[in-house]
Every structure is written in structure tokens, then in C-alpha cells.
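Here is how the chains run, residue by residue.
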Amino acid sequence: MALATILPLPALLPAPMRAEPRQVILVRHADKDVDRADPNLSPAGLRRALRLGRLLQACFGPLDRLGSYGFNAGNQKNARSYQTAVPLAVATGLPIRLFGGGEDDSPAAPPDLRQDPWLAGRSAVLVWEHRRLPALAAILGWPALGPIAADDFDDLVVLRYSGVEGEPPAVTRHRQSSLLRQPCYQRAVSPLPLVPLP
């Protein structure tokens, strides 16, 4: 008795999968001193960056990629974005990918960033200045991120991808100050054993 080969109908096939990220966390650089023309983080910004080094992993899971946009060593443009990423790089052991180039020494995010092999299947954190994050979110599949206030350093956006072509990411917005009070962060910081110095 011959067995008939049954081919699946196209409507029953799963949607095509794309090489896209698993998760992207968008972070505006930490606080700056608005009263001074200083390209660096303020003391409050440094404290925020240090907390982010633990917070992001504790509350959003293991991270695979870390990127900072637009650092220009010549004029210090976007130094704060890089400085915000450094404590997370130290905490995770991840190298910081520096995205550069573009007008006014601020890069334009590449239009194919969502399909960049560097991000494929990974959980990534991208740090940039507030006025550029809405365009970055749009390139990553979420055009609804409105302008971010110049004095708002507390917001972060998480984009989670299903891998199904054409499906927008699931988006959640969080306040860092609120996450610091959540069990995910509290477990990560309490109590750390003290290691004696040599």
C-alpha cells in the first residue's frame, strides 16, 4: 500500500521568521548639568548610570549586546551616551559598540538596524540622546515614541520581538525610579558580600 504525501496548505504554514532582535532596551543618556556647558554626566548622572549597570540585567534578563551612539572623541559629542553605557559594560563584560557618523557629529541610525546580524536573536541595550530616540525607535519598528522632555532622564523603553515578519514589537515603558523599588532590582543589590581588598 502506497502512502500519499500530504503537503501543507500555504495558509497553515507559520509566518516567515526574520533575523531580528529578541529585545531592545532604549535608554536616554543619564543626567547632565543643565547649568554648565559640560559634555560629561553630572554627579547625579553618574549615580544613575551606575544603578543602570545592575538594574537592566536584574529586571530584563541577560544582555547580549550594548551600543552607544555618536561618541566623537574630537568634540566630546555624545560623551554622556558612552559614559552611561560604561557601568553596564563593566557589570556585564560586554564590549560597547560605538555607532558613529552623521550630520552634526550625531549619527543617523541605519534604516536596516532591526535586521542587523549584530542584533539577531539578541537582547540589546542602545543608549543615545533624547532628541534622537524617537527616530531610533521608529527604525526598530515602533514609530509611536513621541518627543522626550529635555529634563527627563528616568524613562526607558523595552521593545520585544516575536520574530514574525511584519509584526510590530511589544512595547513597554518604564520609569527607572520605579524599577529601583521593584523586587527584581532589590534582589540584585541586597546584601552584596564585602570582599576585602588585598
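Just above, that's the structure.
What counts and what doesn't
- Residues numbered from 1 in each chain as written.
- Predicted model: local features only at pLDDT ≥ 70, side-chain atom pairs only at ≥ 80, totals over all residues.
- Heavy atoms only, no water.
- Salt bridge = Lys/Arg side-chain N within 4 Å of Asp/Glu carboxyl O.
- Helix = DSSP H or I, 4+ residues; strand = E, 2+ residues; numbered from the N terminus.
- Buried < 20%, exposed > 50% of the residue type's maximum accessible area, 1.4 Å probe, protein only.
- Pairing = 2+ DSSP bridges.
- Axes fitted to C-alpha atoms, helices over the stretch in contact; angles between N-to-C directions.
- Contact = heavy atoms within 4.5 Å.
- Core = buried A, V, L, I, M, F, W, Y, C linked by side-chain atoms within 4.5 Å.
- Disulfide = S-S within 2.5 Å.
- Expected span 1.5 Å × (residues − 1).
- Bend = angle between axes of the 7 residues up to and from the residue.

A. Representation of the pattern of salt bridges. In total, this model carries 11 salt bridges according to the counting rule given. The shortest N-O distance in the salt bridge between Arg97 and Asp116 comes to 3.3 Å. With Arg97 in strand β3 (residues 97–99) and Asp116 in the loop between β3 and β4 (123–128), this residue pair connects regions lying 19 residues apart in the sequence. By relative accessible area, which is 30% here, Arg97 ends up partly exposed. Connected via shared salt-bridge partners are Asp31, Arg48, Asp152, Asp154, Asp155, Arg173 and Arg175.

B. Geometry of the sheet that holds strand β6 (residues 170–175). With mixed pairing, six strands are arranged side by side in an open sheet as β3-β2-β4-β1-β5-β6. Strands with a single pairing partner mark the edges of an open sheet, and in this sheet they are β3 and β6. Direction aside, the axes of adjacent strands within the sheet are offset by 20 degrees on average. Here five bridges tie strand β1 (residues 23–28) to strand β5 (residues 155–160), and the two strands are oriented antiparallel to one another. Within β5, the residue paired with Leu26 across the bridge is Val157. Helix-sheet contacts for helix α2 (residues 79–92) involve β2 (65–69), β3 and β4, and the interaxial angle to β2 is about 165 degrees.

C. The nonpolar core, seen in detail. Among the nonpolar cores identified, the biggest contains 22 residues, and Ile25, Val27, Leu56, Phe60, Leu66, Val125 and Leu156 are the most heavily contacted of them. Top element by residues in this core is helix α1 (residues 43–60). It accounts for five residues. Look past the residues within four positions of Phe60 in its chain and what remains in contact with it is Gln23, Ile25, Leu156, Val158, Arg160, His174 and Leu179. Membership of the second largest hydrophobic core comes to 21 residues, among which are Val24, Trp128, Leu140 and Tyr161.

D. Examining the side chain of Asp155 more closely. Within the fold, Asp155 resides in strand β5. Residue class for Asp155 comes out buried when judged on its relative accessible area of 10%. If we skip the residues at most four places from it in the chain, Asp155 touches Arg173, His174, Arg175 and Gln176.

E. Molecular detail of the state of the cysteines. In this structure the tally under the stated criterion is one disulfide. A sulfur-sulfur distance of 2.0 Å marks the disulfide that ties Cys59 to Cys184. Between Cys59 and Cys184, the disulfide has an S-S torsion of 80 degrees and is therefore right-handed. Within this pair, whereas Cys59 is found in helix α1, its partner Cys184 is found in helix α5 (residues 183–189), the two being separated by 125 residues in sequence.

F. Focus on α2. For α2, with 14 residues, the first-to-last C-alpha span of 20 Å sits near the 20 Å given by 1.5 Å per residue. In the structure, α2 departs most strongly from a straight axis at Val86, where the bend amounts to approximately 25 degrees and where the proline Pro87 lies between one and four residues downstream. The set of residues buried in α2 consists of Ala79, Arg80, Ser81, Thr84, Ala85, Pro87, Leu88 and Ala89. Those residues of α2 that are buried lie in contact with α1, β2 and β4. Backbone geometry just after α2 places Gly93 at a positive phi near 80 degrees.

On their own, these measurements won't tell you what the molecule is for.
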